Amino acid sequence: MPHSASVGAPQLLVELRGVGKTFGGLSVLSGIHLRLEPGSVHALVGENGAGKSTLSKIISGVYSADSGTLLIDDEEASFSSPREALDRGIATIAQELALVPELSVAENVFLGREPRRFGFIGRRRLKRDYLEIARRTGFDLPADAIVGGMRTADQQKVEIMRALARGASLIIMDEPTAALSAHDTELLHGVVRQLAAEGHTVLLISHFLSEVLELADTVTILRDGSLIRTRAAAEETEASLIEGMLGRSLGSVFPEKPEADARGEVVLSVRDLVAPGVYGVSFDVRAGEIVGLAGLVGAGRSEIAHAIFGAAPRNAGTVAVDGVEAPSSIAGTLKRGIFLLPESRKDQGLVLGRPIRDNVTLSNMDEVAIGGWVFANAERRASRSMLNRVTVAGDDRRPVSALSGGNQQKVLFGRALQRARRVLIADEPTRGVDVGSRRAIYDLIVEQAAQGLGVLVISSDVEEVLGLAHRVLVVRGGTIVGEFEGDAMTEENIITAAFADPITNGSV
Ligand SMILES: Nc1ncnc2c1ncn2[C@@H]1O[C@H](COP(=O)(O)OP(=O)(O)OP(=O)(O)O)[C@@H](O)[C@H]1O
Ligand SMILES: [Mg+2]
C-alpha cells in the first residue's frame, strides 16, 4: 500500500504510463502519463472530444489501451470488462446514465450485489442498506420509486449512490453534476470531500471550472488527446485552465444580445396552460426576444416546455403561434414552427446507432426527402453546414455513438436550429458542452432571435439566463411566480423568487 490509510477505505494507486488509444485509425489519446494519488481528488478537464471519457474508460475496463500500460498498486493490469475493474475497486459514474428503468431506486443502487436477488429477506436488507447510503449522501429519493419515470437529475443521484454502494477505492465521476440542481451539487461536493478524506480516490471530469478548482487537489488538462499538464489545483485559475484547454484565452463567454423590440409582434402566446406538472401558465414571447425560464430543478420548467411542444397532453389552455392556435401534438406544433431541444439527449433525442448526418437531419426529412426519396446531396450539405456551425468536426457518416458527450449535445442543438421556424425552446442547451463551444451555441441562439424567432431558454445556470435573455420568467410549483427585465433582472431577484415561500412572496 502506498500511503498509510488514516481511515478505513482500502487505497489504490492507479498509474498510466504512455497510454494511447485509437478508434478506427484515429488517435484519440496518446502518450498519457498520469498518477492518481490515493485520498485525493484528481480532476480532468478539456474541450468536448479531448479524450476525457475515453481515458476514464481505459481505467475502468470499458476500453483497453492500444499502447502504454495501466498500473494498479505498481503492478501492470489489464481489465477486459468494467466488472473486472470493479472487482479491483474501481467504480464509475458514467456520463451516459446506465440504469435499469424498470427497477426501483434501491434495486438499481445495489444492482448485481444482492445474491438472493429480491426475495423477502433480500428486500428488507436492501431497504436498510439503501437508507444508509441515502443518509450518507443526503439525497432524498424514495427507495421504491421506479427509476424509468424519474427526471434526469434524480437518475443521476441513483447512479452516484450506486457507485458509493460498491465501496470502491477509486470512483470515477464523469460530469456528475451536469444535471444536478445547486442544492444537490452541494450535497455531491460534500460526498466527494468525504470520500477523499476517507482515503478514496476520486477522478472528477467536469466542465464547471469553478467546481474543479473548489474540489480538486490536482488538475490534468487534456487537449486533442494529449496531456498538456498536471498541476496542483491551487496553482491554476479558471483563466489558466481555459487557456490550457483551448490553447488560447477566451474573451467574454456571452455574446451581445440584439435589441429586443418591446413592440415587436407576439410570436408565441401561451394562455392558462394546464398539463402534467403545469398549473395555469400564461406568457408571451415576441419575435426577436430571448426569454429565460429560470427556477429550481423540478420547478416545472421542462414540463412547461413539453406541454407547449405537445410532447405532454394539454389539459386546458391554449398555445398560439403568430396568433393561430397550435394543436396539442408534436406534429401540430412542428407544423406551426415550434421546436424543442430536449433536456435528455439519450431518451428524447438521438438515435445513437444512426450516422451523425441522419441525426442532424432526422426531423428535417420533409425538406431533404421528396416522395420518400432522400436527396443524398441535399442531406449531406445540410448536415455538414449545420455541424460546422455547432463546431462538430469529423466524418458525419460515423454513428452518433462515436461522438463525445458534449458533441452529441451539439448535434441535437444543430437539429433544433434547422427545425425551429418561429419558436425555439432550448432546455439546458449547454449541458455537458465545454466553455469554448458554449459561446458558439450562445451565438447561434442570439442569431435565431436576430432572425425574428422567439426563443425560450431553460437553464439552471442563472449566469447563463442573465447573459442570454432579455427577460426572465421564474417558475416554481408549475406556475410563473416572477418576471424580471432590465435592471430588475438580477441573480438575487431570480434566486429569491425561485426559492420564496409561496404564501409570503410578493410574486408578479
Ligand atoms: N466508441 C467510439 N468510437 C469512435 N470514436 C470514439 C468513440 N468514443 C469516443 N470516440 C472519439 O474519441 C474522441 C474523444 O472522445 P471522449 O468521449 O473521450 O471526449 P471527452 O473529452 O469525454 O468529451 P466531452 O467533454 O464531450 O464528454 C472523440 O473524438 C470521439 O469522437
Ligand atoms: Mg466525455
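Residues numbered from 1 in each chain as written. Chains lettered and ligands numbered in written order. Predicted model: local features only at pLDDT ≥ 70, side-chain atom pairs only at ≥ 80, totals over all residues. Heavy atoms only, no water.

1. Digging into the domain arrangement of the chain
Going by this rule: All domain edges in this entry derive from an automatic or database-based domain assignment. We call two residues contacting when some pair of their heavy atoms lies within 4.5 Å. What counts as buried area is the accessible surface, traced by a 1.4 Å probe, that two parts surrender upon association, with contributions from both included. By the criterion applied in these results, polar contacts are pairs of N or O atoms within 3.5 Å in which, for protein atoms, one can donate a hydrogen and the other can accept it, and in which residues neighboring in sequence qualify only through two side-chain atoms. In the scheme used here, Gly and all other residues not listed as nonpolar or charged are polar, with Ala, Val, Leu, Ile, Met, Phe, Trp, Tyr, Cys and Pro taken as nonpolar and Asp, Glu, Lys and Arg as charged.
What the domain assignment reports for the chain is domain 1 (1-89 + 207-250), domain 2 (252-337 + 420-508) and domain 3 (351-419). For domain 1 and domain 2, the distance between their C-alpha centres works out to 38 Å. Contacts between domain 1 and domain 2 engage eight residues on the former and nine residues on the latter. When the area that domain 1 buries against domain 2 is broken down by residue, the three leading residues are Asn 48, His 207 and Leu 250, summing to 66%. Counting across the domain 1 and domain 2 interface gives three residue pairs in polar contact (both at pLDDT 80 or more). For the side of domain 1 that touches domain 2, a count of residues per class yields four nonpolar, three polar and one charged.

2. Quick notes on the site of ligand 1
This is how the line gets drawn: Any residue with a non-hydrogen atom lying within 4 Å of a molecule or strand is treated as near it. Note on areas: Shrake-Rupley, 1.4 Å probe, and residue coverage restricted to the protein chains presented here. Each helix is a run of H or I in the DSSP string that is no shorter than four residues. Each strand is a run of E no shorter than two, and both are numbered from the N terminus.
Neighbouring ligand 1 are 21 residues; Lys 52, Thr 54, Ala 402, Ser 404 and Gly 406 lie closest to it. Within the contact set of ligand 1, an oxygen atom lies 2.6 Å away from a side-chain nitrogen or oxygen of Thr 54. In the model, an oxygen atom of ligand 1 is placed 2.7 Å from a nitrogen or oxygen of the Ser 404 side chain. A total of 630 Å² of accessible area belongs to ligand 1 in isolation, and the protein chains cover 84% of it. When residues of the shell around ligand 1 are traced back to their parent elements, those giving at least two are helix H1 (52-59) and helix H15 (405-419).

3. Let's talk about a nonpolar patch on the surface
Test applied: Put simply, a patch holds well-exposed residues, over 30% relative accessible area, that have no salt bridge, with like charges counted together within 9 Å and Val, Leu, Ile, Met, Phe, Trp or Tyr side chains within 5 Å. Between Lys or Arg on one side and Asp or Glu on the other, a salt bridge is scored when a side-chain nitrogen of the former is within 4 Å of a carboxyl oxygen of the latter.
Taken together, the side chains of Leu 296, Ile 495 and Phe 499 make up a nonpolar region of the molecular surface, amounting to roughly 270 Å² of accessible area. Take Ile 495: it is sitting in helix H18 (residues 491-499).

4. With respect to the packing of aromatic side chains
Just so we agree on the cut-off: Any two rings among Phe, Tyr and Trp, with Trp reduced to its six-membered ring, count as a pair given centres within 6.5 Å; such a pair is stacked if its planes are under 30 degrees apart, edge-to-face if over 60, and tilted if neither. For each residue, the accessible area found with a 1.4 Å probe, counting protein chains only, is set against the maximum for its type, and the residue is called buried under 20%, exposed over 50%, and partly exposed in between.
In the structure shown here, the tally under the stated rule is three aromatic pairs. An angle of 20° between the planes, with centres 5.0 Å apart, marks the rings of Phe 254 and Tyr 442 as stacked. One end of the pair, Phe 254, is in the loop between helix H8 (238-246) and strand S11 (266-275); the other, Tyr 442, is in helix H16 (residues 435-450), and 188 residues separate them in sequence. By relative accessible area, Tyr 442 is classed as buried at 0%. Plain terms: the ring middles of Phe 309 and Phe 339 are 5.7 Å apart, the flat faces sit at 65° to each other, and that makes the pair edge-to-face.

5. Some points on a negative patch on the surface
Filter applied, for reference: Charge assignment: positive for Lys and Arg, negative for Asp and Glu; neither His nor the chain ends contribute. The atoms used to mark charge sites are NZ of Lys, CZ of Arg, CG of Asp and CD of Glu.
Taken together, Glu 238, Glu 463, Glu 491 and Glu 492 make up a surface patch of like negative charges. Note that Glu 238 resides in helix H8.

6. Considering the pairing of strand S9 (residues 218-223)
Inclusion rule: By the convention used here, strands pair only if DSSP detects at least 2 bridges between them.
Here strand S3 (residues 41-45) runs beside S9; their pairing, made up of four bridges, is parallel. Bridge pairing in S9 places Ala 43 opposite Val 219. Bridge count between S9 and strand S10 (residues 226-232): six bridges; the pairing is antiparallel. Bridge pairing links Ile 221 to Arg 229 in S10. Connecting S9 to the next strand, S10, in antiparallel fashion are two residues, including Asp 224 with a positive phi near 45°.

7. Notes on the confidence of the model for the chain
To keep it simple, the criterion reads: Per-residue confidence from the prediction method is given by pLDDT, with values spanning 0 to 100.
Looking at the chain, the pLDDT average stands at 86 and 90% of residues meet or exceed 70. When pLDDT is averaged over each helix and strand of the chain, the minimum, 46, is found for strand S17 (residues 369-370) and the maximum, 98, for S3. Here residues 364-372 is a poorly scored stretch, pLDDT under 50, and it has 14 contacts once near neighbours within four places are set aside; other chains count.

8. Digging into unusual backbone geometry
The phi dihedral of Glu 175 is positive, around 50°, even though this residue is not glycine. Inspection of the secondary structure puts Glu 175 in the loop between strand S7 (170-174) and helix H6 (182-197). Of note, Asp 224 is a non-glycine position whose phi angle comes to about 45°, a positive value. As for its position among the elements, Asp 224 is in the loop between S9 and S10. The exposure class assigned to Asp 224 is exposed, which follows from its relative accessible area of 65%.

9. Here's the deal with helix H9 (residues 301-309)
Among the nine residues that make up H9, seven are buried, leaving the element largely enclosed by the rest of the structure. Turning to H9, its buried residues number three or more, namely Arg 301, Ser 302, Ile 304, Ala 305, Ala 307, Ile 308 and Phe 309. Following H9 by one or two positions, Gly 310 adopts a phi angle in the positive range, close to 85°.

10. Here's the deal with the sheet that holds S11
With antiparallel pairing, four strands are arranged side by side in an open sheet as S12-S11-S14-S15. Each edge of the open sheet is held by one strand with a lone partner, namely strand S12 (278-286) and strand S15 (324-325). Note that S11 and strand S14 (residues 316-321) share five bridges and pair antiparallel. Bridging across to S14, Ser 269 finds its partner in Ala 320.

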